[in-house]
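# Secondary and tertiary structure notes
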Amino acid sequence: MATPTPVLTALAIYEAGKKAYEAYQGIVAFVSLGSHTPTPEEEILARLEMLHQDFVALQGRFDEVLEAVKQAVRVEQQAYVLNLRRDLDGLRGRARTAMDELNAWVADGRKDPLLRSNADNNSRLAANTLLEGDSYFYRPDPNAPESVFDHRLAYIAYVYVLTVRFGVIAGLNPQYREDRLAREELTRHAARLDWVFEHADQAIEPHTGGGPDDRGSYILGYQCVDHITGYDTGHTQLGWRPGGQAEYDDARAYYSDELRADMRVRVGLAKLMAFRDTVAYWAKDPRTPGWSSWMPVEVPDTMTSETSLSAASDRPGRTVLVWWDKSKAQVRATSYDSTATAPAWSPTVTISAEHAVRQEPMPRALASGPGLITVLMQDKDGAVYATRTDAGRPTGWLAEPVKVSGDSTDVSFLGAATTPGFVVVMWRDNGAGTLMAAFQDAKGAWGAPRVAAPADAVSLGSDFAVACPSPGVVMAIWTMNEQTVHSVTYDPRAATWSAPAQIAEFPGTDFPARIYAVGTGDGKADVVWRGKFGAVWNIHYDGGWSAPAEITPRHLTKWGSPYTIVPVVTGDRRLNLFWQGRDSRVQTIYRDPQQSTWPAPLRLGQPWWSYSELAAVSTAPGSLSLYRMDFGSEIGEVSKLQTCFYDPATPTAPARIADAQALVTRAQTLWNLPGPAREEANARAADAIAVAREVVTLDPGYRATLAQWLVFPAGAYLMSSGHHDEAIARMQEALGLYEQLIGEQPGSEDLRYRKAWTLVNLAQALWAKPDHAQGTQRAIEATDLLRQLATRKPTYRPGLAQWLVFPAGTYLMGSGRHDEAIARMREALGLFDKLIGEQPGSEDLRYRKAWALVNLAQALWGKPDHAQGAQRAIEATDLLRQLATGNPGRYRGGLGDWLMFPTIPYLRQSGRRDEALKRAREAADIFTALNATDPAVYGPKLAAAKKLVADIQAELESG
């Protein structure tokens, strides 16, 4: 039997979204790891190539979508559809071209700036065309003059070109989240995806009908149609159910939500939602808190489709995940440490025997202190067992679980909670009718079971929960007689349990199948449950119990099992509740400490194909991570563990400064590329400065790092790009920071050197502006400060000698202050002579002396002292000639240049033409030899040397 076309087109949309989503997530994961082996461009290109191949493989499916869209219009309108496809194929081709150009740029050693620029431009144009052009998402309506929304063809193209665009953005700038323009571009695309989703979702129409009778029953039928793909679920009729109008209305609301959620998955809108969420999260300013999109977790072992998860954290950044493995009826565990050098999930280990553990109640992981995770479970015979982490064993866990329920095996409910220093587990002994408790101490040892409530205080059909409102205090809470809630409290000072007491009465007939309890550690506790009509109810403890109250709107949740509420408290004592709602999406609500109200619920991510238990854990103050299994879909996806997390946007100063360092590194890489990449380097350096400033407000200890980056690379790159005012502003900011730091640490030589270094760079920026007076003054200040340091620490002498020549001496000479220039250059020459005396074999010091001599020659000539100027020029070239004899590859070109200026002109103008001619011929010989290897550079110099020889010869002949 052939598969109906609406189903095929729905699956094609589903798979297109899935492939783009996977490619996008893969790029995000790679960039987030900060790895540069291979380079970002190469890894991202590999992932984009996989995306392209996936789309080539799916082309048959996409052709079916085209045919379905053609069939939806009249024959005379089909030319429009074919033109639409041609245009969309052109945009996909442009995106593919961008991939090819980026690939060619990388393969060519990142040398051709045009390839890089074209890749950026082509990917941007392809994506932005679909961002701005609404017409791509409409087709003619055969029954009306207006066009009708039909996203299928354009969506396939858009997810492809947008993924390529993101790959190019991330490849050219792995720290793109710090780039405001990149974030704004991605934010626009997230809004566009939301626009597509909203319009496509309007085409999904659930139908419900029926009604109540006068005998206390109602009947309901339902159907759902997607008017874009034509997908129709067909009509389903439910039998008569007990209930009146209220129950009938609630059932209609439930099936409408469920039908819409199911259709969103079937026609691919769930993948569109996931793709939108991913783009939106990675477009978010990292300083703004918010939930991430759902993303796959790469655990070493495959989890089965019947996985019940539980999570705990025993120290900041570390998560331990445990689950019940259906195939072996045992409990397994893995862990993840985000603070590790190379974070990764550990290989899974078994922490119980095979075929020994029940699925219900779900094994529960709890943390009671650093290094201590406890897992509670019930065995096949009904006894309560526990295991815990044990760093002394190869697996990291006890050799086998220990029994904690004593001799009793007929037990029920298994509630547990933790407080600093101990774990408590509680159960009902069905034989004796008593409520029992056992405590684990801080070393992991279990005490004997103790009675917490007498016989018959807890009925056999009751539900049960345990909470610790404050350190050491335990509350056991249970339902009773299908209408009331009761509790007992453990007092750690007296080590006794209170008498059972009623704490609330359920309103009307709204009796829950399950209750959940949690303490926030500040003397408060909450009990929550699902109401009959889909609201979450709450009673709050703060020295006394409040009356029951609905804290969410109705029709959000499914009444009863298996839709579990998962409570978790963050380090800032915020209470969070999570559940999978009627719309198959994870929903959450929270209450901050000291607050009595709950805000509106929030939905996290897309609807899922099937139900899965959630696990939640807080690994840092304000931070939360969720885990669930994605059991795939009807197209045969494999089960995959998924996670999303709440990002409080308060990373540590070291983490943020690492981001800034990565931006600095990126700026330096870009600066060394040819072409327009230098302006990008300025942008990345500016991003680094913005992040570093943010860090300094949190931790002033990073002021020296900020100051250094303000000078280099930020200020230096701006100066070299001609942005003199911006460069000066950065360097003056750095100077202020160093002066502040020196005031706090007056004995720091390094800070004083850094101030001098800043002054010498500021001098160059001011001179280039041009502000010659201020540039000269700052250069003098720099050398004066370094001279003070050199008197105490001789290692500063080479730097002082260099700065005395340039920029101090050079700027003084350029300002007409020749005597001051000469004095500083002679001081430098004296320093170089001393250093050469200490290090006679140093080639670099001898070159530096020659460099000082040639600059001194120019200062003397400008005084004017032509005789001394010419003499110093001769000394400079004589010394450089010696160096060129031993190392021609390094010094021969420089010798030729210095001969051409200033030596030959000074000799010629001093009337020493014979000496000038001799040196002109020497220069011609040097450039003749060098021209043979690099004519582009040395050809013009050779021509100038030959002309100079001819001119001097002519002067001699005529004179």
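The structure we're discussing is the one just above.
Residues numbered from 1 in each chain as written. Predicted model: local features only at pLDDT ≥ 70, side-chain atom pairs only at ≥ 80, totals over all residues. Heavy atoms only, no water.

## Details of the overall build of the chain
What counts is decided by this rule: Think of it this way: any DSSP run of H or I at least four residues long counts as a helix, any run of E at least two long counts as a strand, and we number them from the N terminus. Radius of gyration: over C-alpha atoms. The globule rule applied is 2.2 Å multiplied by the number of residues raised to the 0.38 power. The buried label applies to any residue whose accessible area, calculated with a 1.4 Å probe on protein chains only, is under 20% of its type's maximum; exposed applies above 50%, and partly exposed to all values in between. Any two residues whose heavy atoms approach within 4.5 Å are treated as being in contact. Only the protein chains shown count as cover for residues, with accessible areas throughout obtained via the Shrake-Rupley method and a probe of 1.4 Å. Neither His nor the chain ends is counted toward charge; the positive residues are Lys and Arg and the negative residues Asp and Glu. The location of each charge is read from NZ of Lys, CZ of Arg, CG of Asp or CD of Glu.
Within the chain, the regular secondary structure consists of 22 helices and 36 strands. Here the chain has a C-alpha radius of gyration of 38 Å; the compact-globule value for 959 residues is 30 Å, and the former is much larger. Here the chain, with 959 residues, has 54% of them falling under the buried criterion. In the chain, the share of contacts with a sequence separation of at least 24, taken over all contacts with a separation of at least 6, comes to 57%. When the accessible surface of the chain is split by element, carbon and sulfur atoms take 51% of a total near 39500 Å². Here the chain contributes 99 positively and 112 negatively charged side chains, and the mean placements of these two sets differ by 6 Å.

## Quick look at the environment of T434
Inspection of the secondary structure assignment puts T434 in strand 19 (residues 434-440). Sequence-wise, T434 and R628 are 194 residues apart; in three dimensions their C-alpha atoms are separated by 35 Å. Setting aside residues up to four positions removed in sequence, T434 forms contacts with W427, R428, D429, V451, A453, P454 and A455.

## Section: the sheet that holds strand 18 (residues 422-429)
Heads up, the rule is: In this scheme, strands are said to pair when DSSP sees at least two bridges between them. Whenever a helix is involved, its axis is fitted only over the stretch in contact; in every case the axis is a line through C-alpha atoms, and angles between N-to-C directions fall within 0 to 180 degrees.
An order of 17-18-19-20 is seen for the four strands of this open sheet, with the pairing classed as antiparallel. Edge positions in the open sheet fall to strand 17 (411-419) and strand 20 (450-453), since each of these has one partner strand only. Here the strands of the sheet are splayed against their neighbours by 30° on average, with no regard to which way each runs. Bridge count between strand 19 and strand 20: three bridges; the pairing is antiparallel. Looking at the pairing, M436 lines up with V451 of strand 20.

## Topic: the nonpolar core
To be explicit about the condition: Put simply, a nonpolar core is a bunch of buried Ala, Val, Leu, Ile, Met, Phe, Trp, Tyr and Cys residues held in one set by side-chain atoms that sit within 4.5 Å of each other.
If you look at the biggest cluster of nonpolar residues, it comprises 209 residues, and the most contacted ones within it are L88, Y176, F275, W294, F578, L626 and F927. Dropping the residues within four chain positions of it, F275 is found in contact with A20, Y21, Y24, V159, L162, T163 and L193. If you look at the next biggest cluster of nonpolar residues, it comprises 22 residues, including F422, A437, F439 and V474.

## Some details on the pattern of salt bridges
To keep things clear, this is the line we draw: What makes a salt bridge here is a side-chain nitrogen of Lys or Arg within 4 Å of a carboxyl oxygen of Asp or Glu, nothing more.
Throughout the structure, instances matching the rule amount to 71 salt bridges. The salt bridge involving E733 is made with R693; its shortest N-O contact spans 2.9 Å. Residue E733 is located in helix 13 (residues 724-744), and its partner R693 is located in helix 11 (residues 677-698); the two are separated by 40 residues in the primary sequence. What makes R693 partly exposed here is its relative accessible area of 33%. Measuring nitrogen to oxygen at the nearest pair gives 2.8 Å for the salt bridge that ties D878 to R881.

## Observations concerning helix 19 (residues 866-886)
Which entries qualify depends on this criterion: A helix's residues, less one, multiplied by 1.5 Å, set its expected span.
If you check helix 19, its first and last C-alpha atoms are 31 Å apart, about what 21 residues at 1.5 Å a residue would give, namely 30 Å. When we look at burial in helix 19, the residues that qualify are G869, A870, R872, A873, I874, A876, T877, L879, L880, L883 and A884. In this structure, the buried residues of helix 19 make contact with helix 17 (818-838), helix 18 (843-862), helix 20 (888-909) and helix 21 (913-931).

## Remarks on the environment of D226
Tracing the chain through its elements places D226 in strand 4 (residues 217-226). The buried category is assigned to D226, whose relative accessible area is 2%. Note: C-alpha distance between D226 and R913 (687 residues apart in sequence) is 96 Å. When near neighbours in sequence (up to four residues on either side) are disregarded, D226 contacts A200, A203, I204, Y231, M263 and V267.

## Describing the packing of aromatic side chains
What counts is decided by this rule: Ring pairs are drawn from Phe, Tyr and Trp, using the six-membered ring of Trp, whenever the two centres fall within 6.5 Å, and their geometry is named by plane angle: stacked under 30 degrees, edge-to-face over 60, tilted for the rest. Geometrically, a charge over a ring is one whose NZ (Lys) or CZ (Arg) sits within 6 Å of the ring centre while staying within 35 degrees of the ring normal.
This model, assessed by the stated rule, comprises 37 aromatic pairs. With 4.0 Å between their ring centres and 15° between their planes, Y24 and F166 make a pair best called stacked. Residue Y24 is found in helix 1 (residues 5-33), and its partner F166 is found in helix 6 (residues 152-172); the two are separated by 142 residues along the sequence. A relative accessible area of 0% means that F166 is categorised as buried. Both rings, one in Y753 and one in W803, keep their centres 6.1 Å apart while their planes meet at 15°; by these two values the pair is stacked. Taken as a pair, Y753 in helix 14 (residues 749-768) and W803 in helix 16 (residues 797-814) lie far apart in primary sequence, 50 residues in all. Each member of the aromatic cluster is reached from another via a ring pair, and the members are F137, Y138, F149, Y158 and W195. A cation over an aromatic ring shows up here: R192 above the ring of W195, its NZ or CZ 4.3 Å from the ring centre.

## Observations concerning the pairing of strand 14 (residues 372-378)
Most of strand 14 sits inside the fold, with seven of its seven residues counted as buried. Counting the residues between successive antiparallel strands, the hairpin from strand 13 (residues 364-369) to strand 14 contains two residues, one of them, G371, with a positive phi of roughly 80°. Of the strand pairs in this sheet, strand 14 and strand 15 (residues 384-388) are connected by five bridges, and their pairing is antiparallel. Residue V375 lies in a different strand from strand 15, and its bridge partner there is T387.

## Focus: the pairing of strand 13
Of the pairings in the sheet, the one linking strand 13 to strand 14 comprises five bridges and is antiparallel in character. From the neighbouring strand, L366 faces strand 14, where its bridge partner is T374.

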